[in-house]
Amino acid sequence: MVHLGAMQKIKPPQRIFRDDEEVDYVIVGVGSAGGVLLQRLARAGFKVLGMEAGKFWDTERDWVSDEAGSHQLYWNDLRITGGEHPLALGSNNSGKGVGGGSVHWAAFTPRFHPSDFEVYTRDGVGADWPLSYEELEPYYELLEQEIPVAGPAWYPWGKPHGHPYAPHPMGGVGDVLIKGCTKLGIPVSAGGPVAILSASRGNRPHCIYRGFCIQACKVGAKASTLITHVPDALEHGAEVRDRSMVARISMRPDGRTDGVVYIDRDGRERFQRARAVIVSGYAIETPRLLLNSACPGHEHGLANSSGTLGKYLMAQAGNVVLGRFDELIRMYKAPPAHALTEEFYETDPKRDFARGFAIQTVGPLPIAFSKQMMAAKGLWGWSMRREMMEYNHWAALGLLGEILPWADNRVELAAERDQYGLRVAKVTFRLRDNDKKLIEFGKNKVMEVMHAAGAVEVVQESRYAHLVGAARMGKDPSTSVCDKFGRTWDIPNLFVMDGSVMPTQGSANPGLTIQALAARTADYLITQGDAIFNSASRDMTPPPVCRSLSPPDTFTSGAPHLR
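A few points on the structure. Given the structure is predicted, the values throughout are model-derived calculations rather than measurements.

Considerations on the sheet that holds strand E5 (residues 80–82)
The strand order across the open sheet formed by three strands is E5-E17-E16, and the pairing between neighbours is mixed. At either end of the open sheet lies a strand with only one pairing partner, and these are E5 and strand E16 (410–417). In this sheet, neighbouring strand axes are inclined to one another by 30° on average, regardless of whether the strands run parallel or antiparallel. The sheet contact formed by E5 and strand E17 (residues 423–428) spans three bridges and is parallel. Counted as the bridge partner of Thr81 is Val427 from E17.

Have a look at this one:
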């Protein structure tokens, strides 16, 4: 028996497909996108298998309420990172195990704005998406019910909307953001939007405000696809094959894929037959797998006739601004994500850069806080110990800023190999002038908010957050890897569906958008039926929204909004 939170359990046996049994879909990576796809396709009656390099977590046995003990949640395998402004890879931007990064995300769930889908048209930078906000909007609404999302009844930014569950009460850091923004006349959202239950629902309890959200929620109140979608997928006949590292995608002579080669938990190389393959490994592992799958006819990697595979990798500016207060804050006593403002999200002609940023609450626990103090103030030894004694008097606010897509920010293959003998990812990254100007302005604005809230000392740490891109979707096969449903231009039964398909990234946390895109692609696959397996033609008709495929308890009541 596997425990998923305090009240939810999965009882064996689970369906197990034979290697020589052809499944309809193999999904590589059971994270934010892969978990949603697995659940939808299983409910629709397809034979679907999810391959996951990490463990199938048992929350009681594997998860601990301890920062140092949570390192196994992250993708810490060898990767090479470089460039003028290299990215830090690991705990803040990728996960390993069923649920992927959704296990340790902070669970902020703002939607992208309508402007994010037409950045080039509006602002002359970046790229336009091959779909509009209106095409994704019903899936935002649906996933906000499924996860579900707690937040204000009226959210004013982007296309204004409400949330299905009532907002969370404020913690000390949220109070700091509200106080600082209010003094400066900046509108602010209190209590969400965040994918953490503010009231119990089904077999999931409400949040108990213990502060270990990004170390994985043992309670089960925080959403991850491990909790929200995978159990229903298993109930409807899907298999999750954990500790199975997919090494390459296999190709037939007729130009279609016929399955995947993978390394099982015992180190043996095996082959799983499939009528179609969906790669959902996220922004580093997805291009790495496609590049490692190079073969005759696809010498530069699968789905790479455009030459864009691995290019246009994006991170978001994630500077953390820390303020010390005379009064107690106790920033661990709440979800790290529970208040924000998107007042600076859109391009402002008065500024000397395009696009914008959000300001959000963050709640580092002591080890993370000590690293931030070391970066921000150069503390070490006794000076660090003395500052740690003041931990409960500090508050932390995060800048979340849009860095534009640039072709030379990319994922390639390094010469080095991992424990499976596979070439590892080499990640190159640098900021351009627009990115630097945005970060400088945004950092100063967050520090202004912190001072306005009454901080007696303010410092900041420069960092990045949220990787997306490197297998972008588009309308033109010569400039993109896949179409608006994730179907690769080069191989008709090979799909990519995760954050790597995003042409731009906005200033919103990408988790909700990734899951909404996955649900939309699942509806497309279900509507197309056997045509996915047998035809190379592309029907680009948007599918109907299949609300009947939602997990159980999706449309039950939760904490009401006070009127």
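Here we look at the packing of aromatic side chains
On inspection of all chains with the given rule, the structure shows 16 aromatic pairs. Note on Phe344 and Phe357: the rings are 5.2 Å apart at their centroids and 10° apart in plane angle, and the pair reads as stacked. Remark: Phe357 occurs in strand E14 (residues 357–362) and Phe344 occurs in the loop between strand E13 (339–341) and E14; sequence separation between them is 13 residues. The exposure class of Phe344 is buried, given its relative accessible area of 12%. Its relative accessible area of 0% is what places Phe357 among the buried residues. With a centroid separation of 5.4 Å and an interplanar angle of 75°, the aromatic rings of Phe429 and Tyr464 are classed as edge-to-face. Of this pair, Phe429 sits in the loop between E17 and helix H11 (433–452) while Tyr464 sits in strand E19 (residues 464–468), placing them 35 residues apart in sequence. Of the residues examined, Phe429 reaches a relative accessible area of 1% and is grouped as buried. Site record: aromatic cluster; members linked through ring pairs are Phe112, Phe117, Trp129, Tyr133 and Tyr140.

Points about the layout of surface pockets
Of the voids in this model, the second largest pocket is the one considered here, and its volume is about 940 Å³. Contributing to the lining of the second largest pocket are 39 residues, with Ile10, Gln14, Phe56, Pro231 and Leu234 lying nearest its centre. For the lining of the second largest pocket, the secondary structure elements donating two or more residues are strand E2 (8–10), helix H6 (225–228), helix H7 (230–235) and strand E7 (239–241). With four residues, H7 is the single largest residue contributor to the lining of the second largest pocket. Classifying every residue of the lining of the second largest pocket by side-chain character gives 13 nonpolar, six polar and 20 charged.

Quick notes on the pattern of salt bridges
As enumerated under the stated definition, the model contains 42 salt bridges in all. When the shortest N-O distance is used, the salt bridge between Arg40 and Glu146 registers 2.7 Å. Placement of Arg40 in helix H1 (residues 32–43) and of Glu146 in helix H4 (residues 133–146) is noted, with a sequence separation of 106 residues between them. Like Glu146, Arg40 is buried.

Overview of the side chain of Arg79
Relative to the assigned elements, Arg79 resides in the loop between helix H2 (59–62) and E5. At 3.1 Å, the side chain of Arg79 and the side chain of Glu285 are in polar contact. Beyond its immediate chain neighbours, meaning those up to four positions away, Arg79 contacts Leu89, Ser94, Ile284, Glu285 and Ala425.

Brief notes about the packing of H1 against helix H12 (residues 511–528)
Put simply, H1 and H12 touch, their axes get as near as 8 Å, and they point 30° apart. It follows that H1 is roughly parallel to H12 by the angle criterion. Helix-helix and strand crossings are classified by hand; for H1 and H12 the assignment is right-handed. Each of Ser32, Ala33, Val36, Leu37, Arg40 and Leu41 in H1 lies in contact with H12, whose residues at this interface are Ile514, Gln515, Ala518, Ala519, Thr521, Ala522, Leu525 and Ile526. Residue composition of the contact of H1 with H12, grouped by class: ten nonpolar, three polar and one charged.

As for the pairing of strand E10 (residues 269–279)
In the sheet, strand E3 (residues 23–28) pairs with E10 via five bridges, with the strands oriented parallel. Note on E10: the bridge partner recorded for Val26 is Val277. As paired elements, strand E9 (residues 257–263) and E10 share five bridges and run antiparallel to each other. Looking across to E10, one finds that Gly259 is bridged to Arg273. Once E9 ends, the chain turns through five residues before running back antiparallel as E10, passing Gly267 with a positive phi of about 85°. Judged from the three bridges that link them, E10 and strand E20 (residues 494–496) form a sheet pairing that is parallel.

Brief notes about unusual backbone geometry
The amide bond that connects Ile147 to the next residue, Pro148, takes the cis arrangement and shows omega of -15°. You can see Pro148 is positioned in the loop between H4 and helix H5 (172–184). Of note, the bond from Gly192 into Pro193 is cis; its omega dihedral lies within 30 degrees of zero at 10°. Looking at the secondary structure, you find Pro193 in the loop between strand E6 (189–190) and H6. If you check the backbone angles, Tyr209 has positive phi at about 60° while not being a glycine. Residue placement: Tyr209 occurs in the loop between E6 and H6.

Focus on empty space enclosed by the protein
For the coordinates displayed, the defined rule picks out three cavities of 30 Å³ or more. Considering only enclosed or pocket space, the largest cavity measures out at about 80 Å³ in volume. Contributing to the lining of the largest cavity are Cys207, Ile208, Tyr209, Arg210, Gly211, Phe212, Cys213, Cys217, Val219, Ala221, Ala334 and Pro335. Taken together, the residues that form the lining of the largest cavity break down as ten nonpolar, one polar and one charged.

Brief notes about the environment of Pro492
Examined against the element boundaries, Pro492 turns out to sit in the loop between E19 and E20. In the structure, Pro492 is positioned 45 residues away from Ser537 in sequence and 8.1 Å away in space, judged by C-alpha atoms. The contact partners of Pro492, leaving out residues within four places of it in the chain, are Gly255, Arg256, Arg487, Ile532, Ser535 and Ala536.

Notes on the state of the cysteines
Considering all chains together, one arrives at zero disulfides under this definition. Note on Cys217: no disulfide assigned, nearest cysteine sulfur contributed by Cys213 at a separation of 6.4 Å. By relative accessible area, Cys217 is classed as buried at 13%. Free cysteine Cys482: the closest other cysteine sulfur is in Cys295, separated by 18 Å.

Rules used in this analysis
Residues numbered from 1 in each chain as written. Predicted model: local features only at pLDDT ≥ 70, side-chain atom pairs only at ≥ 80, totals over all residues. Heavy atoms only, no water. Pairing = 2+ DSSP bridges. Helix = DSSP H or I, 4+ residues; strand = E, 2+ residues; numbered from the N terminus. Axes fitted to C-alpha atoms, helices over the stretch in contact; angles between N-to-C directions. Phe/Tyr/Trp six-rings, centres within 6.5 Å; stacked < 30°, edge-to-face > 60°. Buried < 20%, exposed > 50% of the residue type's maximum accessible area, 1.4 Å probe, protein only. 1 Å grid on protein atoms, 1.4 Å probe; cavity = no way out; pocket = protein on both sides within 12 Å on 5 of 7 lines; lining within 4 Å. Points joined across faces, edges and corners; volume = space filled by probe spheres on them. Nonpolar A, V, L, I, M, F, W, Y, C, P; charged D, E, K, R; others polar. Salt bridge = Lys/Arg side-chain N within 4 Å of Asp/Glu carboxyl O. Polar contact = N/O pair within 3.5 Å; in protein donor to acceptor, adjacent residues only side chain to side chain. Contact = heavy atoms within 4.5 Å. Parallel < 35°, antiparallel > 145°, perpendicular 65-115°, else oblique. Left-handed = near helix turned anticlockwise from the far one by under 90°. Disulfide = S-S within 2.5 Å.

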